[in-house]
Amino acid sequence: MEKKRFPQDFIWGAATASYQIEGASKKDGKGDSIWDTFTLGKGNISDGTNGDVACDHYHKYLEDIAILKELNIQSYRFSVAWPRIFPEGFGKVNQKGLDFYQRLVDSLLEAGVSPAVTLYHWDLPQKLQDIGGWENRDTISYFEEYAQQMFQALGDRVSMWITHNEPWVVSINGNFFGAHAPGKKDFPTALLVAHHLLVSHGKVVQNYRQQNQKGKIGITLNLSPTYPYSDSQEDKKAAVLEDGFLNRWFLDPLFRSAYPKDMLELYQPYSDFSFIKNDDMEVISTPIDFLGINYYSCNVIQYDESNEFKTKHVIRENVGVTDMNWAIYPSGIYDIIERINREYTTKDIYITENGAAFPDIIEKDGRVHDQKRIDYLEKHFSYLHKAIEKGLPLKGYYLWSLMDNFEWGFGFSKRFGIVHIDYQTLKRTIKESGYWYQKVIANHSL
Ligand code: IFM
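Quick look at the structure, then. Predicted model only: the values in this text are computed from it and were never measured.

**Section: the overall build of the protein**
A count of helices and strands for the protein gives 15 helices and 13 strands. A compact globule built from 446 residues would reach a C-alpha radius of gyration of about 22 Å, and the protein, at 21 Å, matches this within 12%. By principal-axis analysis of the C-alpha atoms, the protein measures approximately 55 × 55 × 45 Å. Long-range contacts, defined as pairs at least 24 residues apart, comprise 76% of the intrachain contacts of the protein with a sequence gap of at least 6. Total accessible area computed for the protein in this model is approximately 17,600 Å², and 48% of it derives from carbon and sulfur atoms.

The following block contains the structure:
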């Protein structure tokens, strides 16, 4: 079979997030985050664990950078723990926290790995939650202050910035489903939080531009194509609503300066939207340099009368699933890139997360034979290749995740890494998928 070649300048990366890997949760003046609090709640984390130690990346970052280098990974996407920088949420900077990220960035650059920094990957300072968290409009300016601090500290060496990771998950999982910190179950709150996240994104992009920083800035959304289960009008309508709930609620304000009309109507019983202030929509739609897409699976939607929003998720028969019970649907990655380019923006697109959890073990030969992950990645990569062939502006890919880590409500029970972590000894073992990725990058081809 003919090799699928990727452009020489296509960026191959790997991603992680602060709370999921760093540990050192009380070290060097770090303040608590909402996840330090949420993990204390009985039943919040399925295996009763927390991120106090996690992969201890805070102390082992040099070992992890050596692995990045060994695997040929060109760019490393990580997030900054806001409460390491501002233990109180704002005001006094914790120099030791800042120093950690200085060391991390310098060491990455020394290893030839370019850093891509996410400002908010869910660990809000608890002190800010105490005064309302993202429900409080003031949090927007605290986020600006924090972002400013990071641009000042790292802007000369970091050329790719992501304001927020998955605002849908932050607002909906955290404030409607109650499955993530801060654990609320109130839809109007989720709508308010989503709006403040979006405004804070736009403000930070504007500040970045005003400083004449030389890098690029964007946002990462978790996007999934939503397909109707059948050809029935009802299923088709349900799929459009699900698309509105998950995708358009964020895409429309960012690229069209307005929330989608059909969803505003649907949500009317839950909010009068008085939280949308003058100029907010303009701020939210401040032009970005790229859109980050996190893609794991697609959504197949059926009409369901009994559901508040009339939608139900189904997994078709004979479709493989990962350990998260997420359907494996590789062509969806192409569909979503193509649609964004056609309907929303012709700007650069990065896949900022994609990967799969499987119950990996170290086998007798000392290796992790995660063939299922390799199959998953290979199929997705072939659709990335198709996107490039079709001329879509896909510029890079970040595999989730560099290493097994704390998978939020699932604790350490789900393994997404291409590097295995033994949580007793903290030993790192590169999985077969890691070596496979190493070759793909070396050859720029599948
Ligand atoms: O682990 C998460 C990550 O923090 C955000 N995107 C999805 C991943 C897998 O669930």
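Continuing now.
**Details of the side chain of threonine 16**
Here threonine 16 lies in the loop between strand 1 (11-15) and helix 1 (18-21). By relative accessible area, which is 1% here, threonine 16 ends up buried. Only 2.7 Å separates the side chain of threonine 16 from the side chain of tyrosine 76, close enough to count as a polar contact. If near-sequence neighbours (up to four positions away) are discounted, threonine 16 is found in contact with Ile21, Tyr76, Arg77, Phe78, Ser79, Trp400, Ser401, Leu402 and Met403.

**A few points about the packing of aromatic side chains**
To describe a pair of aromatic rings, you give the distance between the ring centres and the angle between the ring planes. What the rule picks out here adds up to 57 aromatic pairs. Ring geometry for tryptophan 326 versus phenylalanine 416: centroids 6.1 Å apart, planes at 50 degrees, classification tilted. Of this pair, tryptophan 326 sits in the loop between strand 9 (311-314) and helix 13 (331-344) while phenylalanine 416 sits in the loop between strand 11 (394-400) and strand 12 (419-421); the two residues are 90 residues apart in sequence, bridging distant segments of the chain. For phenylalanine 416, a relative accessible area of 2% puts it in the buried group. Aromatic pair phenylalanine 381 and tyrosine 437: ring centres 6.0 Å apart, planes at 55 degrees, arrangement tilted. In this pair, phenylalanine 381 is assigned in helix 14 (residues 371-389) and tyrosine 437 in helix 15 (residues 432-443), connecting sequence segments 56 residues apart. Given the relative accessible area of 0%, tyrosine 437 is considered buried. One cation-aromatic arrangement involves lysine 386 over tyrosine 334; the distance from NZ or CZ to the ring centre is 4.2 Å.

**Things to note about the site of the ligand**
In the neighbourhood of the ligand, the contacting residues comprise Gln20, His121, Trp122, Asn165, Glu166, Tyr296, Trp326, Glu353, Trp400, Glu407, Trp408 and Phe416. Glutamate 353 is positioned such that a nitrogen or oxygen atom in its side chain is 2.5 Å from a nitrogen atom of the ligand. Class assignment for the residues of the shell around the ligand results in 6 nonpolar, 3 polar and 3 charged.

**Focus on the environment of proline 359**
Within the fold, proline 359 resides in the loop between strand 10 (348-353) and helix 14. Measuring from C-alpha to C-alpha, the distance between proline 359 and leucine 426 comes to 17 Å, with 67 residues separating the pair along the chain.

**Overview of the packing of helix 14 against helix 15**
Contact geometry of helix 14 with helix 15 gives a least axis separation of 9 Å together with a crossing angle of 30 degrees. Comparing the axis directions of helix 14 and helix 15 gives the class roughly parallel. Contacts from Arg373, Ile374, Leu377, Glu378 and Phe381 of helix 14 reach helix 15 at Glu432, Ser433, Trp436, Tyr437 and Val440. Partitioning the contact of helix 14 with helix 15 into residue classes produces 6 nonpolar, 1 polar and 3 charged.

**Side note on unusual backbone geometry**
Working note: non-glycine residues mostly have negative phi, and peptide bonds are mostly trans. That bond from alanine 181 to proline 182 is cis: its omega, 5 degrees, falls within 30 degrees of zero. Along the chain, proline 182 falls in the loop between helix 8 (167-175) and helix 9 (187-210). Residue serine 401 is reached from tryptophan 400 by a cis peptide bond, and omega for that bond is 10 degrees. Phi angles above zero are rare outside glycine, and glutamate 166 is one such case at about 55 degrees. Position of glutamate 166 among the secondary structure elements: in the loop between strand 4 (160-165) and helix 8. A residue is classified by how much of its surface remains accessible, and glutamate 166, at 7% relative accessible area, is buried.

**Side note on the pairing of strand 10**
Every other side chain in a regular strand lies on the same face of the sheet, so the side chains alternate between the two faces. Summarising burial for strand 10: 5 of the 6 residues are buried, a large majority. Where strand 7 (residues 290-294) and strand 10 come together, 5 bridges link them in parallel fashion. Residue pairing for strand 10: leucine 291 is matched across the bridge by isoleucine 349. Bridge count for strand 10 against strand 11 is 3 bridges, and the pairing is parallel. When the sheet's bridge partners are listed, isoleucine 349 is paired in strand 11 with leucine 394. Between the parallel elements strand 10 and strand 11, the chain passes through helix 14 in a crossover that is right-handed.

**Re the pattern of salt bridges**
Overall, the coordinates contain 26 salt bridges when judged by the stated rule. Put simply, lysine 414 and aspartate 323 hold a salt bridge, and the shortest N to O gap is 3.8 Å. Placement of the pair is lysine 414 in the loop between strand 11 and strand 12 and aspartate 323 in the loop between strand 9 and helix 13, with a sequence separation of 91 residues. Lysine 414 gets classed as buried once you look at its relative accessible area, which sits at 14%.

**So, helix 13**
An ideal rise of 1.5 Å per residue puts 20 Å on 14 residues; helix 13 measures up with 20 Å between its terminal C-alpha atoms. Among the residues of helix 13, those classed as buried are Ser331, Gly332, Ile333, Tyr334, Ile336, Ile337, Arg339, Ile340, Asn341 and Tyr344. Close packing links the buried residues of helix 13 with strand 6 (226-228), helix 10 (233-256), strand 7, strand 10, helix 14 and strand 11.

**Observations concerning the side chain of serine 75**
Counting through the fold element by element, serine 75 comes out in strand 2 (residues 75-79). Looking at serine 75, the relative accessible area reads 2%, which means it is buried. Reaching out from serine 75, the side chain makes a polar contact with the backbone oxygen of serine 114 at a distance of 2.8 Å. Separated by 2.7 Å, the side chains of serine 75 and tyrosine 398 make a polar contact. Discounting residues that sit within four places of it in the chain, serine 75 has contacts with Ile11, Trp12, Gly13, Ala14, Val113, Ser114, Ala116 and Tyr398.

Rules used throughout
- Residues numbered from 1 in each chain as written.
- Predicted model: local features only at pLDDT ≥ 70, side-chain atom pairs only at ≥ 80, totals over all residues.
- Heavy atoms only, no water.
- Helix = DSSP H or I, 4+ residues; strand = E, 2+ residues; numbered from the N terminus.
- Rg over C-alpha atoms; globule rule 2.2 N^0.38 Å.
- Contact = heavy atoms within 4.5 Å.
- Areas by Shrake-Rupley, 256 points an atom, 1.4 Å probe, with all protein chains shown as cover.
- Buried < 20%, exposed > 50% of the residue type's maximum accessible area, 1.4 Å probe, protein only.
- Polar contact = N/O pair within 3.5 Å; in protein donor to acceptor, adjacent residues only side chain to side chain.
- Phe/Tyr/Trp six-rings, centres within 6.5 Å; stacked < 30°, edge-to-face > 60°.
- Lys NZ or Arg CZ within 6 Å of the ring centre and 35° of its normal.
- Near = heavy atom within 4 Å.
- Nonpolar A, V, L, I, M, F, W, Y, C, P; charged D, E, K, R; others polar.
- Axes fitted to C-alpha atoms, helices over the stretch in contact; angles between N-to-C directions.
- Parallel < 35°, antiparallel > 145°, perpendicular 65-115°, else oblique.
- Pairing = 2+ DSSP bridges.
- Right-handed = clockwise from strand over helix to strand, strands pointing away.
- Salt bridge = Lys/Arg side-chain N within 4 Å of Asp/Glu carboxyl O.
- Expected span 1.5 Å × (residues − 1).

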